[in-house]
Number of protein chains: 2
Amino acid sequence: MKLYDGGRAPNPRRVRIFLAEKGIDIDLVPVDMAAMEHRSAKITELNPLQRLPVLELDDGTILTETVAICRYFEELHPEPSLFGRTALEKATIEMWNRRMELNFFMSVAAAFRHTHPAMKEWEVPQVPEWGAVNRPKVIEFLEIMDGELADRPFIAGESYSVADITALVAFDFMKPARIERPEHLKNVMRWYGEMSSRPSAKA
Amino acid sequence: MKLYDGGRAPNPRRVRIFLAEKGIDIDLVPVDMAAMEHRSAKITELNPLQRLPVLELDDGTILTETVAICRYFEELHPEPSLFGRTALEKATIEMWNRRMELNFFMSVAAAFRHTHPAMKEWEVPQVPEWGAVNRPKVIEFLEIMDGELADRPFIAGESYSVADITALVAFDFMKPARIERPEHLKNVMRWYGEMSSRPSAKA
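Criteria and cut-off values
- Residues numbered from 1 in each chain as written.
- Chains lettered and ligands numbered in written order.
- Predicted model: local features only at pLDDT ≥ 70, side-chain atom pairs only at ≥ 80, totals over all residues.
- Heavy atoms only, no water.
- Contact = heavy atoms within 4.5 Å.
- Buried area = accessible area lost by both parts, 1.4 Å probe.
- Salt bridge = Lys/Arg side-chain N within 4 Å of Asp/Glu carboxyl O.
- Polar contact = N/O pair within 3.5 Å; in protein donor to acceptor, adjacent residues only side chain to side chain.
- Helix = DSSP H or I, 4+ residues; strand = E, 2+ residues; numbered from the N terminus.
- Nonpolar A, V, L, I, M, F, W, Y, C, P; charged D, E, K, R; others polar.
- Phe/Tyr/Trp six-rings, centres within 6.5 Å; stacked < 30°, edge-to-face > 60°.
- Buried < 20%, exposed > 50% of the residue type's maximum accessible area, 1.4 Å probe, protein only.
- Least-squares fit on C-alpha atoms with pLDDT ≥ 70 in both.
- Arc of directions from axis to C-beta.
- Domains from an automatic or database assignment.
- Pairing = 2+ DSSP bridges.
- Right-handed = clockwise from strand over helix to strand, strands pointing away.

Attention now goes to the interface of chain B and chain A. At the junction of the two partners, chain B supplies 42 residues and chain A supplies 42 residues. Between chain B and chain A the total buried area reaches about 3,600 Å² when both faces are included, carbon and sulfur atoms providing 64% of it. Between the two partners, chain B and chain A, sit eight salt bridges. Where chain B touches chain A, the interface holds twelve residue pairs in polar contact (both at pLDDT 80 or more). Of all elements in the fold, only strand 4 (62-64), helix 3 (66-76), helix 4 (87-115) and helix 5 (128-148) of chain B reach the threshold of two or more residues within the side of chain B that touches chain A. With 15 residues, the single largest contributor to the side of chain B that touches chain A is helix 4 of chain B. When its residues are assigned to classes, the side of chain B that touches chain A shows 22 nonpolar, eight polar and twelve charged.

Take the packing of aromatic side chains next. Per the stated rule, a full pass over the model turns up 15 aromatic pairs over all chains. Between Tyr72(A) and Phe73(A) the ring centres are 6.1 Å apart and the planes differ by 65°, which places this aromatic pair in the edge-to-face class. As far as the burial class goes, Tyr72(A) and Phe73(A) line up, both buried. Between Phe154(B) and Tyr160(B), the ring centres sit 6.1 Å apart and the planes meet at 90°, which makes this aromatic pair edge-to-face. A residue is classified by how much of its surface remains accessible, and Phe154(B), at 14% relative accessible area, is buried.

Right, let's talk about the relation of the copies chain B and chain A for a bit. Mapping chain B onto chain A calls for a screw motion: a turn of 180° about the axis and a shift of 0.0 Å along it, with 0.0 Å RMSD after fitting. Overall, the copies show the geometry of a two-fold rotation axis. In terms of proximity to the rotation axis, the leading residue of chain B is Trp130(B), whose C-alpha is 3.2 Å off the axis.

Here the focus is helix 7 (residues 186-196) of chain B. Residue and element names in this part refer to chain B. Among the residues making up helix 7, those that are buried are Val188, Met189, Trp191, Tyr192 and Met195. Buried residues of helix 7, viewed axially, fall in a sector of 160°; they line one side. Looking at the buried positions of helix 7, the neighbouring elements they touch are helix 5 and helix 6 (162-173).

Residue and element names in this part refer to chain A. Split into domains, chain A comes out as domain 1 (2-76) and domain 2 (87-198). Look at where the C-alpha atoms of domain 1 and domain 2 centre, and you get two points 21 Å apart. In this complex, domain 1 contributes 13 residues to the contact, which on the side of domain 2 involves 15 residues. A per-residue breakdown of the area domain 1 buries against domain 2 is headed by Pro10, Arg14 and Glu21, which together make up 40% of the total. For the pair domain 1 and domain 2, the interface holds four salt bridges. The interface formed by domain 1 and domain 2 contains eight residue pairs in polar contact (both at pLDDT 80 or more). Of all the secondary structure elements, the ones that give two or more residues to the side of domain 1 that touches domain 2 are helix 1 (10-22) and helix 3 (66-76). Top element by residues in the side of domain 1 that touches domain 2 is helix 1. It accounts for seven residues.

Residue and element names in this part refer to chain B. Note: strand 1 (residues 2-5) against strand 2 (residues 27-30), four bridges, orientation parallel. Counterpart to Leu3 in the pairing with strand 2 is Leu28. Once the chain exits strand 1 it traverses helix 1 (residues 10-22) before rejoining the sheet at strand 2, and the crossover so formed is right-handed.

Turning our eyes to something else, we now look at the environment of Ala201(B). Residue and element names in this part refer to chain B. Take Ala201: it is sitting in the segment after helix 7. Looking at Ala201, the relative accessible area reads 11%, which means it is buried. Ala201 sits 116 residues away from Arg85 along the chain, and the two C-alpha atoms are 24 Å apart.

So, on to unusual backbone geometry. All names here are of chain A. Here the residue pair Glu79 and Pro80 is connected by a cis peptide bond, since its omega of -10° sits within 30 degrees of zero. Position of Pro80 among the secondary structure elements: in the loop between helix 3 and helix 4 (87-115). Non-glycine residue Met36 carries a positive phi angle of around 60°. In this fold, Met36 is placed in the loop between strand 2 (27-30) and helix 2 (41-46). Positive phi values are uncommon outside glycine, yet Glu65 reaches one of about 80°.

Below is the structure:
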């Protein structure tokens, strides 16, 4: 199988970190998103929604959506578990991963896509006001997370999970979205320091 | 256990349809969202993000996020499977459920929350332009879905799944969001007619 990869874009990075944590090696096909190659005829044929990453299985089956691709690898290579083992673990990690997506990742993405000049062709039409109102939402949410992280090492509990990957990528995505790092949130910053120093963070 | 329910709001309805499809009976605690009871001290204690539904287990453990709650019930009551059985089924259903959420449900929700007068206190600040640009995105996405549904009965393939629930609730949510039903999309309308006539649709 092979993974059509999108370089520095956040969703492709989520899948690469996931694979690195699992120790899975896979063929990457680079797609130059800055040159709009994700809207090429080739990628559109694989994914009519023109989003990356895209996983192509050996029989030609296509899987898209970051978390769907990660879940496929979790099923094929259950260890180390990044989605949980018991019913309660699975539900808890799903809850935290979604909280990270809906309240953190998507707000950072909205700020970036709707205010960054380089996104004019990507996000049509840009609504700068929508980008701007998302910046304070990110900090409000991280203030809640600072309380959560006061007494546990990882986003979803005592173990590293896919929710940490989503949150790490969202955190690094704050820079191009021009959202200042919340240095006053000591627990968030401690968590960020620990996540960033894992070898997978370089993926 | 008990489920803090939000009446007519779309996410609580997704969970109720899921439970109806599984044949699971559970104590519902009604929360009057029109009276802003989801921002009460009681609900805020259960979910600092003040969203519904919220599942409280018998030992007091709290689960939030619609799909996390559904996944918990899928693990406890695997039949009928609504998230898939094999690795590829699970990933495919995850992909389609996310496509329904990211490209359909969330665009309808943005149109509703950012333009409806009743949402002024809920969505602060409303950005009417953001609501407005989401309406044509919904129809563009449903045009793609019309092609997909030309040769299969359900959103994710040959079986009913959680992706059909997400899409059905999004479809009905178009009315308060003032998005016209795409009567010209025959396959989408056929699918909608079939989903609406399942007994679970009344949940």
